[in-house]
Amino acid sequence: MSENIYAVEMEDICKSFGAVRANRNINFRVLKGEIHAIVGENGAGKTTLMNILFGALQPTSGRIRINGQEVTMSSPNKAIRLGIGMVHQHFELVPSFTVAENIMLGHESAGKFGAVDKAEIYRHAKELAEESGLKIDPYAKVGTLSVGLRQRVEILKALSCGAQILILDEPTAVLTPNESDELFEVLRRMSAQGKTIILITHKLKEVMAVADHITVLRQGETCGTLEKAKTNHMELAALMMGKSAAFSPLEKTGTTGEALLRVDHITARDSSRLEKLKNVTFDVHAGQILTIAGVEGNGQTELVSALLGFLPVASGSITALGTDITKLPVKDRRNYCSYIPEDRMTTGLDLAGSVHDNLIAGLHNRPEWRKGAFIDYAKTGRHVDSLIDAYAIKTDGSGIAASSLSGGNQQKIVVAREMNFGTKILIVSQPSRGVDIGATRFIHEQIIRMRNEGCAILLISTDLDEVFALSDEIKVIFEGSIVGTLSPDAVTPQELGLYMTGAKKMEGVSGTQEGGAA
Amino acid sequence: MNVLTVLFSAATFAATLRMAVPLLFVALGGVLTKRAGIENIGLEGLMLIGCFSGFAANYFTSNWIVGILAAMAVTVLFALLFGLFVVQIRSHEIVAGTAMNVMGSALTTYLLRSMFGVKGSFTDERVRTIPNISLPVIKDIPVLGTVLSGQSILFWVSLAATAIIIFMLYRTKLGFYIRAAGENEKALASAGVNVKKVRYIALIMHGMLIGLGGIYLSTGYLTQYVEDMTAGRGFIAMAAYAFGMARPGRTFFAVLLFAFVQALSSRLQIFGVPSYFADMIPYAITILVLAVTSYREMKRERV
């Protein structure tokens, strides 16, 4: 390896945000002219590491060398001077400007009466597009372009500043499969021209398609750098997801009953009209935990939004306890479904509100909790006190603001409230996200208890260990479609990982790509 | 006498252009800040400040040019004060803009009383009117002569200003930066351009234009200062650039529309339409036009 030239070397990089250690002693080297992928789950520290390389963040400790020279990456401007360009997930473009005007923004030359030399701008943009092989019409208004082409403008902007090392942060997150393929084509060509490409992603299929080397990050640490030719999906999935944490199976009792929640061929689009759910169908039965497993961003958020009524479905129906709730407003759906959101601190709680108000939110407009136009505070007060006791919420009375409680106790408020609505359907999104093992364990116990009492539980999880610890049945979601129905007893984590990353699909699933491995 | 021939006479069109001058200056000022990413609802207050300060400077020097320059300079100062709040401290635009309106009205009323010892309105022979321009040949052409000849110098300045702003906004570097600052300041900042500086430059031009709009009222259209004499023109100018989607060309035509309605409403009084009702018409039309504009925009966004 000694004859190899490294474009980027990062040694022992550490970065802490308060008590959170986003990067821990990361070692990372990129050969000149290669395509190097950084993979890892969300929160693994990929973006932090790249922001350090681009000078947007300063490392707590560690060294960076560019082309063998040790440097201090003090700012993005410094990084740009050293030939590093970054294409962010959110584009920094002016929609009403043409492609060329965007590329040249800040570098225009002025002619008569201070007028911008348009001919020069378009000439430069054309040249750049031809040199790099990134085909684009320099006269097109950026606002009219597809996302894929906008990304191309971003890449051209970076190249126009003289970038030799290009960092792309989750570049395919916003692209269609065809656009992704085109992007890979472009990246390969650029790498052939001697440019160094660093690709941040969590999609293993893409990594296997385009990367020369792959560095896996997990929980802020490097789990190794692998050569593409010498690895496979399975090894990468195992490295990314990690080994089993301290989840011991909880006792399940009771039998599965009738289907309480039926989702029938629902399709939904997001605000930019991209299809995020495609013909999703499943039933959740009484006394069953059905898990929607998948890598984040494959339609889980949209699924939950569609079920709860935040996102209208384009077609299909949702039935709860035999009632069609497809067209019901959020408030009415909550009579059927409880919901523990992924982001409990902001979506699940009013932090400025009192513990009492947070615990009765949603109950307050039901007739049995009211006295005429007013809330029956005597009754809600007793209810709140009993919940505080039952869930051991550590609080100085029910009148204080929820924000003054510890994070774990805030979580308990949400769990206590949602599990005591008297509904038979519970939707839980990412219960172990952002909480320590103890709190995770507590939430898991509560979920199992509800299941044993005959509730239908829909669990949304990206965490393999959690999926195996709780599920009665697993549905894998990939790019908005259910690509597999699995039993936790009959599948290995590696195999599940293959489904989650789109490398494997079940028979009869409407999909466009062939399974990459079997 | 036929109502329509009076309403749509050459005199009405001449009045339309006179009404359009202050609206055009102020609306163009609004266009610049809007495009730079600042919404200033304090146009009315700034206009009043320009109106008063220019009148006062004219009074003390008996020189209409000094009056114009003073109006521009003082309005720029107050526009920069507004900028200090919204650009530097990033305080709430609506609150800061409202403050400009309230302050503009209170300050000018206070100064009128303390400096000149009068209430309501004030006029003096020392104040020089901004001259009108009589066009040699054109003035003898029937309709065209009545409409174009005899307009204030500032009328021609406002036309020039429109052309200059169109050129500046779409052809020069500064215009590119102003538009980028309004559309995606991150794009501009990442290109190494100082966004705040661009916004301050826009605010300076904004102040100059609004000062011109103000001074036209007190020493051009009339030669008299009346308390709160802007009478909502700042808000109509806002409506005009909103209707013109902050594009200078479209805003120009929006201003003509609003000015025409104003000219028309004052003529209606001749036919016994109660004056308060007639005065209401331009504002009612403004609301109507804005409702239609936003509805169209809403529909377009849905597509």
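Rules used in this analysis
- Residues numbered from 1 in each chain as written.
- Chains lettered and ligands numbered in written order.
- Predicted model: local features only at pLDDT ≥ 70, side-chain atom pairs only at ≥ 80, totals over all residues.
- Heavy atoms only, no water.
- Helix = DSSP H or I, 4+ residues; strand = E, 2+ residues; numbered from the N terminus.
- Contact = heavy atoms within 4.5 Å.
- Pairing = 2+ DSSP bridges.
- Axes fitted to C-alpha atoms, helices over the stretch in contact; angles between N-to-C directions.
- Patch = residues over 30% accessible without salt bridge, like charges linked within 9 Å, V, L, I, M, F, W, Y side chains within 5 Å.
- Areas by Shrake-Rupley, 256 points an atom, 1.4 Å probe, with all protein chains shown as cover.
- Salt bridge = Lys/Arg side-chain N within 4 Å of Asp/Glu carboxyl O.
- Buried < 20%, exposed > 50% of the residue type's maximum accessible area, 1.4 Å probe, protein only.
- Expected span 1.5 Å × (residues − 1).
- Arc of directions from axis to C-beta.
- Right-handed = clockwise from strand over helix to strand, strands pointing away.
- Parallel < 35°, antiparallel > 145°, perpendicular 65-115°, else oblique.
- Left-handed = near helix turned anticlockwise from the far one by under 90°.
- Nonpolar A, V, L, I, M, F, W, Y, C, P; charged D, E, K, R; others polar.

Enquirer: For this particular structure, what's the right way to read the environment of Leu84 of chain B?
Expert: All names here are of chain B. The topology assignment puts Leu84 in helix H4 (residues 64-88). Each C-alpha atom of the pair Leu84 and Ala96 lies 9.8 Å from the other, and the pair is 12 residues apart in sequence. Excluding residues within four positions of it along the chain, Leu84 makes contact with Ile89 and Tyr200.

Enquirer: Explain the sheet that holds strand S4 (residues 61-66) of chain A to me, please; I cannot follow it from the model alone.
Expert: Consider a sheet: its strands pair through backbone hydrogen bonds, and that pairing is either parallel or antiparallel. Residues and elements named next belong to chain A. Within the open sheet, the 4 strands sit side by side as S2-S1-S4-S5. Their pairing is antiparallel. In the strand order of this sheet, the two ends are held by strand S2 (20-31) and strand S5 (69-71), each with one partner. Sheet twist, expressed as the mean angle between neighbouring strand axes with direction ignored, is 25°. Here S4 pairs with S5 via 3 bridges, running antiparallel. Across the sheet, Ile66 pairs through a bridge with Gln69, a residue of S5. Sheet strands touched by helix H1 (residues 46-53): strand S1 (6-17), S2 and S4. Its angle to S1, the strand with the most contacts, is close to 115°.

Enquirer: Would you mind going over the sheet that holds strand S12 (residues 275-285) of chain A with me for this structure?
Expert: All names here are of chain A. Read from one edge to the other, the open sheet built from 4 strands follows the order S12-S11-S14-S15, with strand pairing classed as antiparallel. The open sheet is flanked by S12 and strand S15 (323-324), the only strands paired with a single partner. By the bridge criterion, 2 bridges tie strand S14 (residues 315-320) to S15 in an arrangement that is antiparallel. Bridge pairing in S15 links Thr319 to Asp324. Here helix H9 (residues 300-308) sits on the sheet in contact with strand S11 (259-269), S12 and S14, set at roughly 65° to S12.

Enquirer: Help me out: how do you make sense of a nonpolar patch on the surface in this one?
Expert: Residues Leu81, Leu84, Phe85 and Ile89 of chain B make up a contiguous nonpolar surface patch of about 330 Å² in total accessible area. Assessed through its relative accessible area of 36%, Phe85 of chain B is described here as partly exposed.

Enquirer: What is the right way to read helix H6 (residues 177-192) of chain A from this model?
Expert: Structural remark: α-helix, 3.6 residues per turn; residues separated by three or four positions point the same way. Residue and element names in this part refer to chain A. Between its first and last C-alpha, H6 extends 23 Å over 16 residues, near the 22 Å set by a 1.5 Å rise per residue. Those residues of H6 not exposed but buried are Glu179, Ser180, Leu183, Phe184, Val186, Leu187, Met190 and Ser191. The arc enclosing the buried residues of H6, seen along the axis, measures out at 165°, which places them on a common side. In H6, the exposed positions that point more than 90 degrees away from the buried face belong to Asn178 and Ala192.

Enquirer: Would you mind going over the pairing of strand S8 (residues 196-201) of chain A with me for this structure?
Expert: Where a strand is regular, its side chains alternate between the two sheet faces. All names here are of chain A. Among the 6 residues in S8, 6 count as buried, and that is most of the element. Neither face of S8 is exposed, since Thr196, Ile198 and Ile200 on one face and Ile197, Leu199 and Thr201 on the opposite face are all buried. Pairing of strand S3 (residues 35-39) with S8, which is carried by 5 bridges, proceeds in the parallel orientation. Its bridge partner lying in S8, His36 is registered against Ile198. Here strand S7 (residues 165-169) runs beside S8; their pairing, made up of 5 bridges, is parallel. For Leu168, the partnering residue across the bridge sits in S8 and is Leu199. Following the chain from S7 across H6 to the adjacent parallel S8, one finds a crossover that is right-handed.

Enquirer: I keep staring at the packing of helix H2 (residues 10-35) of chain B against helix H11 (residues 233-243) of chain B and nothing clicks. Help me out?
Expert: Residues and elements named next belong to chain B. One way to put it is that H2 packs onto H11 with a least axis distance of 8 Å and a crossing angle of 55°. When the axis of H2 is compared with that of H11, the two are oblique. In terms of crossing hand, the pair formed by H2 and H11 is right-handed. The segment H2 lies against H11, with Pro22, Leu23, Val26, Ala27, Gly30, Val31 and Lys34 engaging Arg233, Gly234, Ile236, Ala237, Ala240 and Tyr241. Classifying every residue of the contact of H2 with H11 gives 9 nonpolar, 2 polar and 2 charged.

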